[in-house]
Amino acid sequence: MKNGNINSNKRNKVRIPLNKTGCLDFRNFNENCVVIDISSNGIGLAVRSYFQEADEFRISFPLEDGIEIRGSVFVVFANGSRVGGRLKFFNTMEQQKVENFINKNTSRIAKEIK
């Protein structure tokens, strides 16, 4: 379901478009990726490498205004250059930053729709 710029997946988690360049580390190989969207526990990516479901890698990416997020991604969907995964945070501060960002942007976009 799409509401303006907010996407909602089957699990009813709000996904906020991000489109920021991040860096992933998979088996000591680093490469840039694009964080397409983010939810409170998930992430959509555009990547250059081939990934399979159940792969796991570290990621870092800018959220907004100097806020850098670091965590790991457990791949639940992989189709060519598109990867979807469960985002695991290294600490609760990282998770709170993402949740604050989602809440702020959900409210902002909902106001724009009205």
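Scroll up to find the structure this text is about.
Small disclaimer: the values here were computed from a predicted structure and weren't measured.

Engineer: Account for the packing of aromatic side chains, with residues named and values stated.
Structural biologist: All chains considered together, the criterion is met by two aromatic pairs. Here the aromatic rings of Phe 26 and Phe 51 are separated by 5.0 Å at their centres, their planes lie at 70°, and the arrangement is edge-to-face. Taken together, the positions of Phe 26 in strand 3 (residues 14–26) and Phe 51 in the loop between strand 5 (42–46) and strand 6 (56–64) put the pair 25 residues apart, joining distant regions of the chain. Of the two residues, Phe 26 and Phe 51, neither departs from the other in class, the shared state being buried. Arranged with centres 4.8 Å apart and planes meeting at 40°, the rings of Phe 51 and Phe 57 form a pair that is tilted. We note that Phe 51, like Phe 57, is buried.

Engineer: Please provide a residue-by-residue account of the pattern of salt bridges, values included.
Structural biologist: This model, assessed by the stated rule, comprises three salt bridges. Between Glu 56 and Lys 88 there is a salt bridge, with its nearest N and O atoms 2.9 Å apart. Remark: Lys 88 occurs in strand 8 (residues 82–89) and Glu 56 occurs in strand 6; sequence separation between them is 32 residues. For Lys 88, a relative accessible area of 36% puts it in the partly exposed group. In this structure, Glu 64 engages Lys 104 in a salt bridge whose closest nitrogen and oxygen atoms are separated by 2.8 Å. Taken together, the residues Glu 64 in strand 6 and Lys 104 in helix 1 (residues 92–113) connect sequence positions 40 residues apart. Judged by relative accessible area, Glu 64 falls into the buried class, the value being 18%.

Engineer: Describe in detail the state of the cysteines, supporting the description with residues and values.
Structural biologist: Applying the stated criterion to the full structure yields zero disulfides. Considering cysteine sulfurs only, Cys 33 is the nearest to Cys 23, which forms no disulfide, with 7.2 Å between them. You can call Cys 23 partly exposed: its relative accessible area is 29%. Look at Cys 33 and you get buried, because its relative accessible area is 3%.

Definitions and cut-offs
- Residues numbered from 1 in each chain as written.
- Predicted model: local features only at pLDDT ≥ 70, side-chain atom pairs only at ≥ 80, totals over all residues.
- Heavy atoms only, no water.
- Phe/Tyr/Trp six-rings, centres within 6.5 Å; stacked < 30°, edge-to-face > 60°.
- Helix = DSSP H or I, 4+ residues; strand = E, 2+ residues; numbered from the N terminus.
- Buried < 20%, exposed > 50% of the residue type's maximum accessible area, 1.4 Å probe, protein only.
- Salt bridge = Lys/Arg side-chain N within 4 Å of Asp/Glu carboxyl O.
- Disulfide = S-S within 2.5 Å.

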